[in-house]
Amino acid sequence: MLLLLGLCLALPLCTGWQEGLAAAPELQETRSRDDLLEQVGRRVPRQLRLLQRLKTKPLMTEFSVKSTIISRYAFTTISCRMLNRASEDQEAEFQMQIPVAAFITNFTMLIGDKVYQGEITEKEKKNGDRVKEERNKAKEDNGEKGIEMFRASLVIPSKDKVVFLLSYEELLQRRLGKYEHSISMRPQQLVGRLMVEVNILEKSGITSLEVLPLHNSRQKSSGRGEDDSGPPPSTVINQNETFAKVVFKPSVVQQAKIAQNGILGDFIVRYDVDRKQNIGDIQVLNGYFVHYFAPKDLPPLPKNVVFVLDSSASMVGTKLRQTKDALFTILHDLRPQDHFSIIGFSNRIKVWKDHLVSATPDNVRDGKVYIHHMSPTGGTDINGALQRAIRVLNEYVARNDVEDRSVSLIVFLTDGKPTVGETHSLKILSNTKEAVRGRICIFTIGIGDDVDFKLLEKLSLENCGLTRRILEEEDAGSQLIGFYDEIRTPLLSDIRVNYRPDSVAHATRTLFPNYFNGSEIVIAGKLGDRTMGQLHVEVTASNSKKFVILKTDVPLELQKVGRDVTGSEGSKGDGKDVPNHLERLWSYLTVKELLSSWLQSGDEQEKERLRQKVQTLAVNYHFLTPVTSMKLKKPADLTEGLEDSYGMSAATGPETVMQSLRGVSMQPGPALKKPYNPRIKISKTSADGDPHFVVDFPLSKLTVCFNIDGQPGDILRLISDHMHSGVTVNGELIGAPAPPNGHKKQRTYFHTITILVNKPERSYLEITPHRVILDGGDRLVLPCNRSVVVGSRGLEVSVSSNASVTVTIQGSIAFVILIHLYKEPAPYQRNHLGFYISNSKGLSGNCHGLLGQFLNQEAKLTEEPAVLSKNLPAQAGERPETILKVKGHRVPVVWKQRKIYNGEEQIDCWFARNNAAKLIDGEYEDYLASHPFDTEMTFGLGRPKRL
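Fair warning: this is a prediction, and the values are worked out from it, not measured in the lab.

Reading the values: rules and limits
- Residues numbered from 1 in each chain as written.
- Predicted model: local features only at pLDDT ≥ 70, side-chain atom pairs only at ≥ 80, totals over all residues.
- Heavy atoms only, no water.
- Helix = DSSP H or I, 4+ residues; strand = E, 2+ residues; numbered from the N terminus.
- Buried < 20%, exposed > 50% of the residue type's maximum accessible area, 1.4 Å probe, protein only.
- Contact = heavy atoms within 4.5 Å.
- Areas by Shrake-Rupley, 256 points an atom, 1.4 Å probe, with all protein chains shown as cover.
- Expected span 1.5 Å × (residues − 1).
- Polar contact = N/O pair within 3.5 Å; in protein donor to acceptor, adjacent residues only side chain to side chain.
- Axes fitted to C-alpha atoms, helices over the stretch in contact; angles between N-to-C directions.
- Parallel < 35°, antiparallel > 145°, perpendicular 65-115°, else oblique.
- Left-handed = near helix turned anticlockwise from the far one by under 90°.
- pLDDT = per-residue confidence, 0-100.
- Disulfide = S-S within 2.5 Å.
- Pairing = 2+ DSSP bridges.

**Observations regarding the overall build of the protein chain**
Scanning the protein chain for helices and strands turns up 15 helices and 50 strands. The burial tally for the protein chain puts 55% of its 947 residues in the buried class. In the protein chain, of all internal contacts separated by at least 6 residues, the share reaching a separation of at least 24 is 68%. Surface accessibility of the protein chain: about 40600 Å² in total, with carbon and sulfur atoms responsible for 49%.

What follows is the structure in structure tokens.
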């Protein structure tokens, strides 16, 4: 079954244990949505009228979104299932708000046993299919900023169901030092199964990650949750240095608490990455490269800025008041080396100063007074205001010392269309471009629904600026301040990025007028001659009075088919190429730049050439753009196999890429069925394999290891802290014959790990290689071959399919159980588990057990005279005279290298012989439990032991 369909049919279990929504997958499939809604109706009486209305229209049984972000490039797939319960055919509409910068790459409908798949084609003639696709930037976007709307409608036969599948891609923009990924959640009704999953893989490292409260629409029907101070309820976050997973899966009851008629808002994830080199992060994969340039710790450049404010009659009231308040804050933020002026315009141009003045406290105060006394009146002379602002800036730059490098900006704000003076958009654009001549960047801001946003967009696009749309909301002032914050600190000007022509066949834009702090310059390219062995990169830019030159050479050893940026082997044997996310990113940027040139071009012949070029590329990479269209292929039967219908479409690409990027096997040979992909950082302290025990003493920078040769059926106490933190961990052994020619008679492995959590409420966990049983009020059985995250009462259990189980307790204790499966096991091999302690902060100082007794201890090594250890057998290369001091014990140890499965191929450790007889408290038998959930071990507490 193809992954895209899996989003719809193979969702993990729900997390709403208290509401009784957790059940085995097969039971969840058979429970009707009506029962769920009736349950909510009993709990939330205010919904009774809503439930009646829901029965008159198609029912949404599932709405799920999965995003995979690889090096800032996001692949997003939406799956929506609807059911027609009526006795007659009904029309159903699927709509989804997508980011304005995104390209739709695939749309598919499953109606009964038929599959209708979208196909991207050149936009030459109208298509008569049932897909109605609307992408508008102005009035059709419901007033939401930075989004576009996709709509599709069809008629669902009586008692039948339909599945909508939509995929889109986008490059995340860095603003104010963070990347923001926003997912629209507007199902317009309560959904039986609703889920958002965001996976982030950043090779350079994730330095910060946050999930914001749901950003709701301005519509009054949307409502907010009770707690707006953090992530939405039921959100689970797991991350390590380079990978993060965020899951939002609210139950129906939780959805109703957020909004009574269904969630209406945006699920937003923000993060940033580690930046170690000023020249940037350069990644190379299979003939393509991407260069992320975001230097830091540079002194800011002086700004020459003219604020041009619309004071026409339409700005009366809240718009002008909020604009004034925001500008007071912006003026106060100017630096002493900055220069500024203010122009107000309506049908007349009103200039505060006909020249730029320095941002002294007196000048800033006078500017605020001028703004305060502005009053709305008259029409809107956009052309006259721009021409006057450009003239003021040009005159200042002409008089200014040419050696004093600075950045010239116009911040232009309006709420309307040109009504006075020059009103023709093309003439305004032509006049502006001729006056600017590439020396000034124009940043435009449109307020409200009546603004000519296309004109503002072109003004910024043609003059190295940015444009933003501000809604008429209570926070319009903060939106204006936020936009200014993006451009308040220029660090570099005249940036040029050069690559050797013989090594790069095609690169996206390499010249940039300015770089602002907190943003990022992204360049993608297609390599030419790959035999050169390295990619030479050179960046030149102006910074204050200095000329900056940065150089580096990037090795190209990874340019082998089937290898990714981590150097791991890609998937082979299926006859299909692994999608290359860098190639997708290159094609995305190239299409964006061609569309921009097409939009700006005034020459009809050149415009047609650009249109054909962007069409060819967009069709090749399945991008829905203004010059391409989507039509539905002839329906295929589900019995023919979705994989054949979909092929290797962009919708399936990100998961394959993620598997390739993360699937780096650390084990030699074919032993493990699936390598461990760490979800969170794991320490070396563990018990794994035969079993081998490892204890890490980080402060002493020592690692100690020992073996425990138990008997099959033995239950070993690993962690014993029942009286304090309320946590006990036991492991049950199974046996297997020893390998031939070995010194052992048999091997033992952990087959079952049991965890008892006694605080704040009692919960039992039993983990085997094939399932996890959680008994905590409600009994829940989770198969290990499916990824799922569940949480309740301070306990979170995360299953990574056939790889690991992560148990987190109260946020301060975390264990990772690795699942070791064999494809074709030898007689001495058994499917087994490894136990790793990831976080032990919540365990008390009285913690005990085979591993627990060392968690709050430190150790040191000493050299003893050889005569003290003369009874130890001497072995070549070992030093029996080395003594480990820990917990008052003196333990002879020898240096060894051991394999460990926590992401390291091997570790160096000091090995304690003889079943750790002198290392652990008591003897091996003292650590035997009478049953899997036995908690009665009392070492160090002065009580009798129960064996």
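**Some thoughts on helix α12 (residues 581-600)**
With 20 residues, α12 extends 29 Å between its outermost C-alpha atoms, agreeing within 8% with the 28 Å of an ideal straight helix rising 1.5 Å per residue. For α12, the N-terminal capping position is held by Asn580, with its side-chain oxygen 2.9 Å away from the main-chain nitrogen of Leu582.

**A word on the packing of α12 against helix α13 (residues 604-620)**
For the pair α12 and α13, the least separation of the axes is 9 Å and the interaxial angle reads 160°. The pairing of α12 with α13 is recorded here as roughly antiparallel in orientation. Our pair here, α12 against α13, has a crossing hand that is left-handed. Listed contacts from α13 to Trp586, Ser587, Thr590, Val591, Leu594, Leu595, Ser597, Trp598 and Leu599 of α12 are Lys607, Leu610, Arg611, Lys613, Val614, Leu617 and Ala618.

**Digging into the side chain of Ser311**
As for its position among the elements, Ser311 is in the loop between β18 (303-310) and α6 (318-333). Not counting residues within four places of it along the chain, the set of residues in contact with Ser311 comprises Gly344, Phe345, Ser346, Lys350, Met374, Ser375, Pro376 and Thr377.

**Let's talk about the confidence of the model for the protein chain**
Regions with low pLDDT carry predicted coordinates that are not meant to be interpreted in detail. Of all residues in the protein chain, 77% have pLDDT values of 70 or greater, and the mean over the chain is 77. With pLDDT under 50 throughout, residues 217-227 is counted as low confidence; its partners more than four residues away or in other chains account for 24 contacts. Note on residues 638-680: pLDDT is under 50 here. Beyond four places in sequence and across chains, it has 114 contacts.

**Notes on the state of the cysteines**
One pass over the structure, following the stated rule, counts 2 disulfides. Each disulfide pairs two cysteine sulfurs, and for Cys705 the partner residue is Cys909, the sulfurs being separated by 2.1 Å. For the disulfide bridge between Cys705 and Cys909, the dihedral angle about the S-S bond is near 65°, and by the sign convention the bridge is right-handed. Taken together, the residues Cys705 in strand β35 (residues 702-707) and Cys909 in strand β50 (residues 906-912) connect sequence positions 204 residues apart. The connectivity of the disulfide-linked cysteines in the protein chain, indexed sequentially, is 1-2, 3-4.

**As for the sheet that holds strand β28 (residues 521-527)**
Spatial ordering of the open sheet is given by β16-β17-β28-β26, a layout of 4 strands whose pairing is antiparallel. Edge positions in the sheet fall to β16 (281-285) and β26 (504-507), since each has one partner strand and no second. Ignoring which end each strand starts from, the neighbouring axes of this sheet average 20° apart. Bridging between β16 and strand β17 (residues 288-293) involves 5 bridges; their strand directions are antiparallel. Among the inter-strand pairings, Asp281 is bridged to a residue of β17, identified as Tyr292.

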